[in-house]
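Listed below, chain by chain, are the residues.
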Amino acid sequence: MAASVGTAASGLVKSKLDEFFWEWLCQPESQKIVRQAIQFAKGDSTSFENPAPSPHFSSFRTSPSGRPSPPGSPHSRGLLRESTNSSEVSTSATTDNGSGPATSPRSRQGSAIPPAPARDLDATNRPPVTGGAAVIPRFWWPKRTKPTETLSAEVRLKIHEHFVKQGITDGIRTHTQLEPIITEVFSLSKYFVVPIFHKLKVFFDIIDSSVKSKEALLKPSPEPITEEMLITWCTGKIQPDDLVLSFYYVVKKEHNNWIEREDFSIFLLTILLTHPGLDFLRETQEFQDRYADTVISRIFFVYDQKDVGRIYLTSLRRYRPSVIETWKQLADHDDIKMVRDYFSYEHFYVIYCTFWELDTDHDFLLDKDDLLKYDGHALSRRTVDRIFSETPTKFTSAVPGKMGYEDFIRFLLCDQDRQTDRSMEYWFHMFDLDGDGCIRDHEMKYFYEEQAQRMECLSYDTIPFADILCQMNDMISPTAEGRFKLADFKKRRKFAGTFFALFSSLNKFLAFEHRDPFSAKQEQLENPSYSDWDRWCADEYLRLAMEEGEDDDGGRVMSDGGEDER
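Treat the numbers as computed from the prediction; the structure is a model and nothing was measured. (Residues numbered from 1 in each chain as written. Predicted model: local features only at pLDDT ≥ 70, side-chain atom pairs only at ≥ 80, totals over all residues. Heavy atoms only, no water.)

A separate point is the overall build of the protein chain. Counting its secondary structure elements, the protein chain contains 26 helices and two strands. Buried positions account for 39% of the 566 residues belonging to the protein chain. Taking the intrachain contacts of the protein chain between residues at least 6 apart in sequence as the baseline, contacts between residues at least 24 apart amount to 59%. With the model as given, the accessible surface of the protein chain reaches about 32,200 Å², and the carbon-plus-sulfur share is 54%. (Helix = DSSP H or I, 4+ residues; strand = E, 2+ residues; numbered from the N terminus. Buried < 20%, exposed > 50% of the residue type's maximum accessible area, 1.4 Å probe, protein only. Contact = heavy atoms within 4.5 Å. Areas by Shrake-Rupley, 256 points an atom, 1.4 Å probe, with all protein chains shown as cover.)

Right, let's get into the nonpolar core. In this structure, Phe 264, Trp 327 and Phe 503 are the most contacted members of the largest nonpolar core, which totals 127 residues. With nine residues, the single largest contributor to this core is helix α12 (residues 285-303). Discounting residues that sit within four places of it in the chain, Phe 503 has contacts with Ser 380, Thr 383, Phe 431, Met 444, Phe 447, Tyr 448, Gln 451, Phe 465, Ile 468 and Met 472. (Core = buried A, V, L, I, M, F, W, Y, C linked by side-chain atoms within 4.5 Å.)

In this structure, Thr 354 sits in helix α15 (residues 345-358). Apart from the residues within four sequence positions on either side, Thr 354 is in contact with Tyr 374, Phe 408 and Trp 536.

This part covers helix α10 (residues 243-251). The buried fraction of α10 is high, at nine of nine residues. Listing the buried residues of α10 in full gives Leu 243, Val 244, Leu 245, Ser 246, Phe 247, Tyr 248, Tyr 249, Val 250 and Val 251. As for α10, its buried residues are in contact with α7 (193-203), α9 (227-234), α11 (265-274), α13 (313-318) and α14 (323-329).

What follows is about the packing of helix α5 (residues 153-165) against α9. Where α5 contacts α9, the axes come no closer than 11 Å and their chain directions differ by 145°. In the crossing of α5 with α9, the sense of the turn from one axis to the other is right-handed. Where α5 approaches α9, its residues Arg 156, Ile 159, His 160 and Phe 163 are matched on the opposing element by Glu 227, Leu 230 and Ile 231. The residue makeup of the contact of α5 with α9, split by class, is four nonpolar, one polar and two charged. (Axes fitted to C-alpha atoms, helices over the stretch in contact; angles between N-to-C directions. Left-handed = near helix turned anticlockwise from the far one by under 90°. Nonpolar A, V, L, I, M, F, W, Y, C, P; charged D, E, K, R; others polar.)

Next up on the list: a nonpolar patch on the surface. Taken together, Val 13, Leu 17 and Phe 20 make up a surface patch of nonpolar side chains, about 300 Å² in accessible area. Inspection of the secondary structure assignment puts Phe 20 in helix α1 (residues 2-25). The exposure class assigned to Phe 20 is partly exposed, which follows from its relative accessible area of 45%. (Patch = residues over 30% accessible without salt bridge, like charges linked within 9 Å, V, L, I, M, F, W, Y side chains within 5 Å. Salt bridge = Lys/Arg side-chain N within 4 Å of Asp/Glu carboxyl O.)

It is worth spelling out the pattern of salt bridges at this point. Applying the stated criterion to the full structure yields 28 salt bridges. In this structure, Lys 508 and Asp 415 form a salt bridge, with 3.4 Å as the shortest nitrogen-oxygen distance. Of the two residues, Lys 508 sits in helix α24 (residues 506-513) while Asp 415 sits in helix α18 (residues 405-416), which places them 93 residues apart along the sequence. Given the relative accessible area of 21%, Lys 508 is considered partly exposed. Exposure remark for Asp 415: the relative accessible area of 1% places this residue in the buried category. Each of the salt bridges in this network shares a partner with another, and the network as a whole consists of Arg 261, Asp 307, Glu 406, Asp 407, Arg 410 and Arg 422.

Packed helix pairs are characterised by how far apart their axes lie and by the angle those axes make with each other. Put simply, helix α6 (residues 175-185) and α7 touch, their axes get as near as 9 Å, and they point 110° apart. The angle between the axes of α6 and α7 places the two elements in the roughly perpendicular class. Judged by the twist between their axes, the crossing of α6 over α7 is right-handed. Mapping the contact onto sequence places His 175, Leu 178, Glu 179 and Ile 182 in α6 and Val 193, Val 194, Ile 196, Phe 197 and Leu 200 in α7. In the contact of α6 with α7, the residues fall into seven nonpolar, one polar and one charged. (Parallel < 35°, antiparallel > 145°, perpendicular 65-115°, else oblique.)

A separate point is the confidence of the model for the protein chain. Across the protein chain, pLDDT averages 83, with 80% of residues at or above 70. Within the model, the stretch residues 51-127 combines pLDDT values under 50 with 67 contacts to residues more than four positions away or in other chains. Contacts from residues 555-566, a stretch scored under 50 in pLDDT, to residues over four places away or in other chains number seven contacts. (pLDDT = per-residue confidence, 0-100.)

Assignment of secondary structure puts Phe 408 in helix α18. For Phe 408, a relative accessible area of 0% puts it in the buried group. Here the alpha-carbon distance between Phe 408 and Leu 366, two residues 42 residues apart in the chain, equals 8.4 Å.

Before going further, it helps to spend a moment on the environment of Leu 413. When you line up the elements, Leu 413 lands in helix α18. Put simply, Leu 413 and Asp 532 are 119 residues apart on the chain and 10.0 Å apart in space, counted from C-alpha to C-alpha. Once residues lying within four places of it in the same chain are set aside, the contact partners of Leu 413 are Arg 298, Phe 301 and Trp 533.

Mapping Glu 346 onto the fold places it in helix α15. Among buried charged residues, Glu 346 stands out as having no salt bridge; its nearest opposite-charge side chain is Lys 337, 4.8 Å away. Excluding anything up to four places from it in sequence, Glu 346 contacts Lys 337, Cys 537, Ala 538 and Tyr 541. (Lys, Arg positive; Asp, Glu negative; His and termini not counted.)

In the segment running from Arg 320 into Pro 321, the intervening peptide bond is cis, with an omega of 5°. In this structure, Pro 321 sits in the loop between α13 and α14. For Asp 205, which is not glycine, the phi torsion reads 55° and is therefore positive. Along the chain, Asp 205 turns up in the loop between α7 and α8 (214-218). In this structure, Ala 398 takes a positive phi of about 65° despite not being glycine.

Structural data, given as structure tokens:
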């Protein structure tokens, strides 16, 4: 069997090579090369009226059998070395005997064989090809993995100019003096100023590294930080022409080659202390902590695709949206709700309130019964069981059978925006019961059976599974019908979310069956830059705000009536 497969494969390769050869042979330039090669083999040098049609034609060499060998063939390379050696020998013979240069038998017959060059034709030293051949300029340079060992003279000069401009003679004492250097010279976010100021003080043993209180971060330095001290700290950490590299080396610990969750703590604390859009949180320590945890979890959701608790430099360069650019946007908006990626307080409020509503005992852990109440009991029990089996992703709560706040954030992001790579991978592993990398009809039927039972209980008309399967094949267009692979969903990511929702969420299933294409189109036109996650958060935030307003009105009525006080 293997022999027959190998024979068929070799036959296919041979036919393809024949096809390429005939295409090449039909070209006018190729025909000229063939004719002149034949004339060259016959030793007819008088027929070369025109120059060689190709810049590579002049590099033909004869093989030991007398046939011309194309450039790069083993005969050509071997003869090139032999010609080089013979050229050196003939040159020395000429010097010793005083006679003319030695000639080969073929050259005595009248054929003009160009002398082989005496130097090594290495790729780096090869002369440029003439004859009108285009030289392709270099178009790609590998990204740096480390900053340069020394700051450039231009950067040093800019740092010195800022010291002179601010009249700093003895050294920097406050973070406000450092801000223009961080933002204008290093091109980092202004919310990196306070953390870098703190890192400078720790680096030069001005303060202890364990001191990270609010007062210590904003307090002036007991000792001035001179220009030389700043340049010393920046060396090996700052690369002004590569923001990703600077971000990575500033945030991570000195001894690590990755970023951990803890590394972001001081940077999030700075945002909470200094951003005008978060002034109302400064007196509520619990909400400050939850906001910081939410932002960090969202960053790791995007960049830590393997859930190992680490962010590497390659991940920072690869995945979007860019946390570096988003951090810089914070300085452009006093209203933090305008920054939707990672830092939106509106998104945090929705995530936290959704979790709080499910966590009835408020131990900050969810069990299966808690999650079943999510989205109005939309999830099927089989789906919840699969989630708590930790097959799609492992929990970080360290409590068996319990989902923590960070785990819930990951689930919520996957559930409400099912077109992202992480979401598709999450739900694909959910439905791939046997783990063979393919979702088949029996696996889909396992989840659909419960959906059909629930629809019957609610007096909805059920759809036969065969019709659902046909519809899914038309929607996803898998390579093999009835066998859905992860690559198939990523090719049709617009419909991937619908596929997974039909088998896991009754609310999304019914919404799909009764969808209004015109209203969906109108939503996309009103906010074209919004993702499904952004739209869901906006709707939920409005709902929560209205409920809170109704509760406040009810509380005032009860208070006025003397029955209750809030």
